[in-house]
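As a plain string of letters, each chain reads:
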Amino acid sequence: MDKHVEHDGNADETIEEINKKTGRNMPQAIATAVVLIAIIIACLAISMDVFMVLLVVFMILALWELRVDFAIAGMHIPVVMLWICSTVTLLATYYSPWHVSAMALCIMLSIVLVTLSATANFSFGDRLSMEVERKLAQTNAGARLESSFNHGSATIQHSRLTSVAVSVFAVLYIPLIASFIALSLTFHGHAFAHAIMIVFLPALSDTGGLFAGAWFGKHKLSPRISPKKSVEGLLGSILFAMAGAFAIFACTYPSLWASRWWVPIVVGVLMGVVGTFGDLCASMLKRDIGIKDMGHLLKGHGGVMDRVDSILLTAPFMMALLYVTGL
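Definitions and cut-offs
- Residues numbered from 1 in each chain as written.
- Predicted model: local features only at pLDDT ≥ 70, side-chain atom pairs only at ≥ 80, totals over all residues.
- Heavy atoms only, no water.
- Helix = DSSP H or I, 4+ residues; strand = E, 2+ residues; numbered from the N terminus.
- Buried < 20%, exposed > 50% of the residue type's maximum accessible area, 1.4 Å probe, protein only.
- Contact = heavy atoms within 4.5 Å.
- Areas by Shrake-Rupley, 256 points an atom, 1.4 Å probe, with all protein chains shown as cover.
- 1 Å grid on protein atoms, 1.4 Å probe; cavity = no way out; pocket = protein on both sides within 12 Å on 5 of 7 lines; lining within 4 Å.
- Points joined across faces, edges and corners; volume = space filled by probe spheres on them.
- Nonpolar A, V, L, I, M, F, W, Y, C, P; charged D, E, K, R; others polar.
- Disulfide = S-S within 2.5 Å.
- Patch = residues over 30% accessible without salt bridge, like charges linked within 9 Å, V, L, I, M, F, W, Y side chains within 5 Å.
- Salt bridge = Lys/Arg side-chain N within 4 Å of Asp/Glu carboxyl O.

**Overview of the overall build of the protein chain**
Per the secondary structure count, the protein chain includes 13 helices and two strands. Taking all 327 residues of the protein chain together, the buried fraction comes to 49%. A sequence separation of at least 24 residues applies to 74% of the contacts in the protein chain between residues at least 6 apart. Looking at the protein chain as shown, the accessible area adds up to about 16000 Å², and 69% of this sits on carbon and sulfur atoms.

Laid out in C-alpha cells, this is it:
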C-alpha cells in the first residue's frame, strides 16, 4: 500500500515537473490535441466541404476571442460584421471559379464594411460582459482600468479611430490569412495533403519546439517577449516540421523525390522560423493587452487563437511554396 502511494506521489511530481517546464497542463493538452486531431481528420475524410465548415467555425471562435481581448484593453471591434465578412470571404475563396479575385474583392469589401461598423459601438449583451469580467480577474491593474467593461467610469478611453484600426487589423489577421488555407485547397489536385501540411505541420513544429525547449533549452531566443522560447526550441521546431514534411511527401508525392527532395527541408525551416515568429507576435499582443491566454476554450492550450496563430502566419508562405513547386 505504501509503495503504491509512493508510486502515485512520484508520478504526480513528475507530471508537475513536466507542466512546469512546458508552461501548460500536459495531460489536458495531450487529451485536447487528440480530440482536435480526430475532429480535423474526420472532417477531411468526409469531404473538403465539411473541412471548410470547420475552418469557418474556428475563425468565428477566434474572432470572438479577439473581441473579448480587445475589450479588455478598451478597444472595440464589430464582431458580428467580422463573422459575416469572414464567412463570405472563406467560402467565396474556395467555391468561386476565380479564387484569387474573389478573395481580393471580399477582403476589400470587408475592410470597408468593418471600418463603417467599427464607428458604432454596439453592446453585445451579457455574454461579452461576463467574458470580459472573467478575464479582468486575471489581468493587471492597468488593463482593468482601460477595459471597455469599465468605460462608464474609466478615465482612459480609446478613440473611434483606434477601434477602426484594430478592426482592420482583425480583418487582415484572420479572414485574409485564413483565406490562404482555403486557397491552398484549390490547385494541383492534392487538397488533402495541402490541408494536412498547412494545419498539422505548424502544430507538429510547436510540439517539437515545446519539448526541445523544455528539455534542452538554455539559450533564450527573445526573453523580453517570451521567456520560455529558446534557440534549442527553434531547432526542435524545425526538425519536427521537417520530419513531418518528409513523411507527408513520401506518402503523397513518391514520384517526385528526384526533383523535389529539397522541398521538405524548406518546409521544415519555414514552419520553424515563421511559426516561432507568429508565436512571438501573439505573445507581444497578449503582453500589451495584459493577458496570459487569448481564450479558454481548449483545455491545456488556452484559446483558439493560441493554437491557430502559427497556422495563420505560415499559411501564405506554405500556399506559395506548394503552388510554385507544383505540389
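Having seen the model, we can carry on.
**Here we look at empty space enclosed by the protein**
This model, assessed by the stated rule, comprises one cavity of 30 Å³ or more. A volume near 40 Å³ is recorded for the largest cavity. What lines the largest cavity is M197, A245, I248, F249, Y253, V263, P264, V267 and L327. Counting residues per element, the ones that place at least two in the lining of the largest cavity are α10 (231-252) and α12 (263-289). Of the residues contributing to the lining of the largest cavity, the split by class is nine nonpolar, no polar and no charged.

**Quick notes on the state of the cysteines**
All told, the structure shown has zero disulfides when counted by the stated rule. The thiol of C106 is not disulfide-bonded; the next cysteine sulfur, from C85, is found 8.6 Å away.

**Overview of a nonpolar patch on the surface**
Taken together, the side chains of W257, W261, W262, I265, V266, V269 and V273 make up a nonpolar region of the molecular surface, amounting to roughly 590 Å² of accessible area. Considering every element that reaches the nonpolar patch, the biggest residue donor is α12, with four residues. Among the structural elements, I265 can be located in helix α12. Overall, I265 belongs to the partly exposed group, its relative accessible area being 33%.

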